[in-house]
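Overview (structure and organization)
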Amino acid sequence: MKEFVYPEMMVHVPLCTHKEPRTVLLISDDSAALETELARHADVVTTVAEASAAVEALRDIADGAIDVVLCECDVDAAVAGHIARVLSEEGIVAMKHPSLEEVQANTVLMGVLGNYFKIIMPYRLWNEETLLLASKGNHPTADINLQRADLLDGLQYYNSDIHPAAFAMPNYIRKTYLGIVRN
């Protein structure tokens, strides 16, 4: 995969979906590329936690203190509950998840997320890989902040046209996940 696609899509899709992101929690064991992309959002304060200690880090964060979580750890019911707790009322999480071909694993994950989030949608990278966005309020295609997306400088992949296009899924995926994906 082109090394710049993943960090740009992991960071800018949720940050350009949230109305006014001020605080970001980055859960990653290899955060350098994501931190570089986060630095393009000057008004955002970022806290980094290691994926291997995600639950412990989440426990120490106050309720509603985070606007966006970028998560590279495995998400189970406990992690999802903590993420939902630390997110603000309009909070968004973007995360890695199993391949969409792994229907059972994604059904379980999206079912857990469905307890906390109104919107749960996978979005594509440049190849067949996807990330998962879950939002308490803002819709990633209807509520994109075009001004923020268009004013980001120095990007190699992400732009305001790629953003909504990334959420388009082929019919076999739409049919497979009908009633599971929340859009």
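Attention in this report is confined to the structure presented alongside it.

Cut-offs and rules
- Residues numbered from 1 in each chain as written.
- Predicted model: local features only at pLDDT ≥ 70, side-chain atom pairs only at ≥ 80, totals over all residues.
- Heavy atoms only, no water.
- Helix = DSSP H or I, 4+ residues; strand = E, 2+ residues; numbered from the N terminus.
- Buried < 20%, exposed > 50% of the residue type's maximum accessible area, 1.4 Å probe, protein only.
- Polar contact = N/O pair within 3.5 Å; in protein donor to acceptor, adjacent residues only side chain to side chain.
- Contact = heavy atoms within 4.5 Å.
- Salt bridge = Lys/Arg side-chain N within 4 Å of Asp/Glu carboxyl O.

**Describing the side chain of Arg124**
Inspection of the secondary structure assignment puts Arg124 in strand S5 (residues 119–124). Taking relative accessible area as the criterion, Arg124 reaches 15% and is therefore assigned buried. Of the polar contacts made by the side chain of Arg124, one reaches the side chain of Glu128; its length is 3.3 Å. Once you skip the residues sitting within four places of it in the chain, Arg124 turns out to touch Met9, Glu129, Thr130, Ala166, Ala168, Met169, Pro170 and Ile173.

**Here we look at the pattern of salt bridges**
What the rule picks out here adds up to 5 salt bridges. Arg40 is paired through a salt bridge with Glu37; the nearest N and O atoms lie 2.7 Å apart. What makes Arg40 partly exposed here is its relative accessible area of 31%. Linking Arg85 and Asp63 is a salt bridge whose minimum nitrogen-to-oxygen distance equals 2.6 Å. Of this pair, Arg85 sits in helix H4 (residues 77–86) while Asp63 sits in the loop between helix H3 (54–59) and strand S3 (66–71), and the two are 22 residues apart along the sequence. Looking at Arg85, the relative accessible area reads 25%, which means it is partly exposed. Looking at Asp63, the relative accessible area reads 58%, which means it is exposed. What emerges from the salt-bridge pattern is a single network uniting Glu20, Arg22 and Asp43.

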